[in-house]
Every structure is written in C-alpha cells, then in structure tokens.
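The primary structure of each chain is shown beneath.
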Amino acid sequence: MAALKEKRTCGQRCEDFGHFVWNSDEGTFMGRTPEKWVYISLYYVAFYVVMTALFSLAIWTLMYTLDPYAPDYQDRLKSPGVMVWPDTYGEEDVEITYNTSDKASWMKMTQIIQKFLEPYNDTKQHECNYYNCTKGKYFIQKTFSAPNHTKWACPFMQSMLGACSGFQDPTFGYNCSMPCVIIKMNRIIDFLPCNKTDCPPYVNCTVLEGQQNVDKIEYFPNGGILDLSYFPYYGKLAQPNYVNPLVAVRFNLVGKKHAKIQCRVVSDQISYQNIHDPYEGKVVFYLKAVK
C-alpha cells in the first residue's frame, strides 16, 4: 500500500517557491539560466519589432492609397436626400403642427428655423465666403487656390430667402396661417445635378392631401432654384466654409389649414421614386395650423 503523501507546511511551500525563483545550486532564475533569459528576451523583442513594423507598414500603405478629400466608394450615394425645417418629427413622418393662438407653440417653430439659419447670417457669409461666384454656372475648381490650401465656397446669405428670411417677418409666418419651411438638399461630393447648364435644379412642392386647404405656394429665391454655382461640392476638408443652398417655401393655409405636402428637387440627375429611401430626392411632411 502506497504511503500517504506528506502534507507540506506553508513555510515549506514558500521555501520551494523561493528555490524556484532563484536556484543557487544550478544558477537559474525561474527555471532558466541568465544566458537563456537573454536569448528569449532578444527573440521576443525582435518578434514584436517585426510585428510592429508590419502593422505600421500596412497602416501606411492604407493611408497612402486613401484620398483625404473624398471617400473611395460612393456607389450608395447616387442621388441626394432632401430635408425640411422645422424638422419636427412625429412617429414616422415630419409633422409641422402649431397653434397660432399659442405663442409658445409657434415660437418653437420660429426658434428651430432661426437656429438652423445661424450659419447663413449675412455678416458671417461675407466674412467666410467672400468669393464672387458666377451665377448659373458650375464652379469647377481644379486647384486649391483658397487660403490654407482649400477651395472657394460660394456664399448663400439668409437675406436671399426673401419674405422667409426672418428679416421682414421674424416669426416666419407661424403667428398666422402663412408658414415658411426651409428645403435643403444633402451634399454629395463631386455631384452635378444637371447634364446641362441651362436647367438648374429647383424645388417643386405639391399638395398630396388637402388641396383645398392650400391657397398659394411661394418660393424663395425666385422659382425655388438651387443655383449651379454651389456645385460641385468638394468635401469638408476642401471646402470647410461651404453651406448648402436653400429654398424657402411659404404656404397660405386656408379652410381646415391642414395638408400633406411633398417637396421635390427637380433635376434630370436626381431620382425620387426609390421606395427604400423615402427622402431620396424629395421630402414629405404634414403642415397644420390650429387655432
């Protein structure tokens, strides 16, 4: 019968561990001689140096092939999306509903538009974008001739929105039944909205429901045109001061003062019938004024 293994005390265990750490009889530290520790240390140093070099080379190669001014792949962005302000979203759709008798209600809409238009302040635009662009023509820039190795951006000033600029009427028509909405087309780098220069894109709004409740539709700038001089867009790094051209639309609500409206950017290069993206080329929203 095998003898039972003798139970070792705590002191004996500590002594064994100390002997493992430094074995004076064999001259080893944690099971290896100093010479072996030098060899294994050199091996791991060389291993991690090579791994770090390979990783750095891979990152450098990737960054060298990337264009800092434009993404390599833009195949999902063939046609820009369209947005509307005030951007008050309901459960699924944009619902611009306000009470003309409740100042807090229509002031909420006014403040949303005022905040959105802050970058378009005339003074700011004169300071940032002072290049004199030629209207009606694409602003093609092959060089970085603007300060700090950038490209010029055409100014779009708040005053260009006319009666919906907030200068003549700071309430943007929300204290009555003539509200203004702001239509903006999203940016796509190097996108040209038209094949020709004599047909600039423009905003066209149609009433889908409640036609009898909309007496008149007005566009600012005139005709709802998005001037070609704001295209193409070269990216945030190339044009840090770029601002999207806007179109303001004013509706004269009558009757029940409730309508479902679709505003579309019309151009031969902008599609709007994508069932998978309801905001491609157009935006649909509900407009309602109560009292």
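Just so it is clear, the structure is predicted and the values come from calculations on it, not from any experiment.

Q: Outline the overall build of the chain, listing residues and values.
A: Of the regular secondary structure elements, the chain holds four helices and ten strands. Over its C-alpha atoms the chain spans a radius of gyration of 33 Å, topping by over 25% the 19 Å that the globule rule assigns to 291 residues. In terms of overall dimensions, the chain has C-alpha extents of about 105 × 55 × 40 Å along its principal axes. In the chain, which comprises 291 residues, the proportion classed as buried is 39%. Restricting to contacts in the chain with at least 6 residues of sequence separation, those with at least 24 account for 76%. Surface summary for the chain: the accessible area is close to 18100 Å², and the carbon and sulfur share equals 56%. Of the charged side chains in the chain, 29 are positive and 28 negative, and the gap between their average positions amounts to 4 Å.

Q: Go over the packing of aromatic side chains with me, naming the residues and quoting the values.
A: Following the criterion strictly, the structure yields 15 aromatic pairs and no others. Summarising the aromatic geometry, the rings of Tyr120 and Phe156 are spaced 5.9 Å apart at their centres and angled 85° between planes, so their arrangement reads as edge-to-face. On the criterion of sequence distance, the pair formed by Tyr120 in the loop between helix H3 (103-116) and helix H4 (122-128) and Phe156 in the loop between H4 and strand S5 (180-185) is long-range, its members being 36 residues apart. Judged by relative accessible area, which is 4%, Tyr120 ranks as buried. Among the aromatic residues, ring-to-ring pairing joins Trp85, Phe116, Tyr120, Phe156 and Tyr230 into one connected group. Positioned above the aromatic ring of Tyr234, the side-chain terminus of Lys151 is 3.8 Å from the ring centre. Between the NZ or CZ atom of Arg187 and the centre of the ring of Tyr233, over which it lies, the distance is 5.1 Å.

About the criteria used
Residues numbered from 1 in each chain as written. Predicted model: local features only at pLDDT ≥ 70, side-chain atom pairs only at ≥ 80, totals over all residues. Heavy atoms only, no water. Helix = DSSP H or I, 4+ residues; strand = E, 2+ residues; numbered from the N terminus. Rg over C-alpha atoms; globule rule 2.2 N^0.38 Å. Buried < 20%, exposed > 50% of the residue type's maximum accessible area, 1.4 Å probe, protein only. Contact = heavy atoms within 4.5 Å. Areas by Shrake-Rupley, 256 points an atom, 1.4 Å probe, with all protein chains shown as cover. Lys, Arg positive; Asp, Glu negative; His and termini not counted. Charge placed at Lys NZ, Arg CZ, Asp CG, Glu CD. Phe/Tyr/Trp six-rings, centres within 6.5 Å; stacked < 30°, edge-to-face > 60°. Lys NZ or Arg CZ within 6 Å of the ring centre and 35° of its normal.

These results come straight from atomic positions and should not be treated as a statement about function.
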